[in-house]
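Understanding the architecture of this molecule
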Amino acid sequence: MATFGAGPVGVCLPVTFTSTPSADDQRTAVRRLERAGYHAAWANEVIGKDALAQLAVLLGATESLAFGTCVANIWARPPQTAHAAASFLAQAFPGRFTLGLGVGYPQQASSVDRPFGTPLATMRSYVEGLAAETSPPAPYPLILGANGPKMLTLAADLADGALPAGLPPQHTALARRVLGPDKLLVVAQSIADSFETARQTVSNWLGRTAFRATLADLGYPTEPTDDLVRTLVAFDGPDHVAAAVQAHLDAGADHVTLLSPVGTEFGPGIDHLVSLAPALR
């Protein structure tokens, strides 16, 4: 596996889906995160946004901060283009870039006039397309957005690891067993600034059929009970967030990235992440 230089704790850059912060604002933000002591920053991607171009700018604006996609949308570019871009970033910034891929949703496939197929077969085909590319040769870690057992198994078989999101440490332990000891396990831990926001975050997660099924398999309720909200989202100050991160590391995660609620404004979201950093060093 290529070098993973992200250390134990990172952050997902806040996302609103309604506006894009300027390049200058993003450069300033990641420099603040780097100074605060975080090891990595991760960027999402939807159709119409190029996360790899975004991270090229942010890699160049920082000294040692690692970056990754959480996750790059496979419908945004063919595997040949994804490999070329990822390999170029790995060559330009050794040990500082990780490609995370997500299978997305049928609506995203239809938006680019392509058939979605089944998630497992679609992702397998895409990863095999990446593996068939040999130029440029610079290696990079490849991880798959994976919560369910079949996608985790695919990540174990064809990728360098997996990135589950929004689930409890019990799932992290399960993911480690499926992946084995040598694969990379990056876990996204949901955070919020209040119990009400945390409850809405859990309600949003539960709107996804696959997420509900994974929770049910673990023995958790599929309604946003108070106990479930406290289990899935760290919202009660820096110590609560630090304890949640440590629980995932203890369960087998190599790296935990903090995931703000969808809709978090970029500036206040960065401020919140910086305020949490001292407890996570």
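You'll find the structure just up there.
Heads up: these notes are all about the structure in this document.

Conventions we followed
Residues numbered from 1 in each chain as written. Predicted model: local features only at pLDDT ≥ 70, side-chain atom pairs only at ≥ 80, totals over all residues. Heavy atoms only, no water. Phe/Tyr/Trp six-rings, centres within 6.5 Å; stacked < 30°, edge-to-face > 60°. Helix = DSSP H or I, 4+ residues; strand = E, 2+ residues; numbered from the N terminus. Buried < 20%, exposed > 50% of the residue type's maximum accessible area, 1.4 Å probe, protein only. 1 Å grid on protein atoms, 1.4 Å probe; cavity = no way out; pocket = protein on both sides within 12 Å on 5 of 7 lines; lining within 4 Å. Points joined across faces, edges and corners; volume = space filled by probe spheres on them. Nonpolar A, V, L, I, M, F, W, Y, C, P; charged D, E, K, R; others polar.

Turning next to the packing of aromatic side chains. Applying the stated criterion to the full structure yields three aromatic pairs. Arranged with centres 5.8 Å apart and planes meeting at 35°, the rings of Trp75 and Phe116 form a pair that is tilted. One end of the pair, Trp75, is in the loop between strand 4 (72-73) and helix 3 (79-92); the other, Phe116, is in the loop between helix 4 (106-111) and helix 5 (119-131), with 41 residues separating them in the sequence. For Trp75, a relative accessible area of 4% corresponds to the buried category. Taken together, a centroid distance of 5.1 Å and an interplanar angle of 25° make the contact between Trp205 and Phe211 stacked. Each member of the pair Trp205 and Phe211 is classed as buried.

For the rest of this paragraph, the subject is empty space enclosed by the protein. Following the criterion strictly, the structure yields one cavity of 30 Å³ or more and no others. Looking at the largest cavity, its volume works out to about 40 Å³. Those elements giving two or more residues to the lining of the largest cavity turn out to be strand 2 (40-43), strand 3 (66-69) and strand 5 (97-102). Element by element, the count of residues in the lining of the largest cavity is highest for strand 3, at three residues. Here the residues of the lining of the largest cavity are counted per class, giving seven nonpolar, five polar and one charged.

With that settled, the discussion passes to the layout of surface pockets. Rolling a probe over the atoms, with the probe sized like a water molecule, indicates the empty space that remains. Here the largest pocket defines a volume of roughly 1,400 Å³. Secondary structure elements with two or more residues in the lining of the largest pocket: helix 4, helix 6 (149-158), strand 8 (184-191), helix 8 (195-206) and helix 9 (209-217). Of the residues forming the lining of the largest pocket, the biggest block, six residues, is contributed by helix 9. Of the residues assigned to the lining of the largest pocket, the class counts are 26 nonpolar, 16 polar and three charged. In this model, the second largest pocket occupies a volume close to 280 Å³. Together, 17 residues line the second largest pocket, and Val15, Ser19, Thr20, Pro21 and Lys49 are the ones closest to its centre. Looking at side-chain class alone, the lining of the second largest pocket contains eight nonpolar, seven polar and two charged residues.

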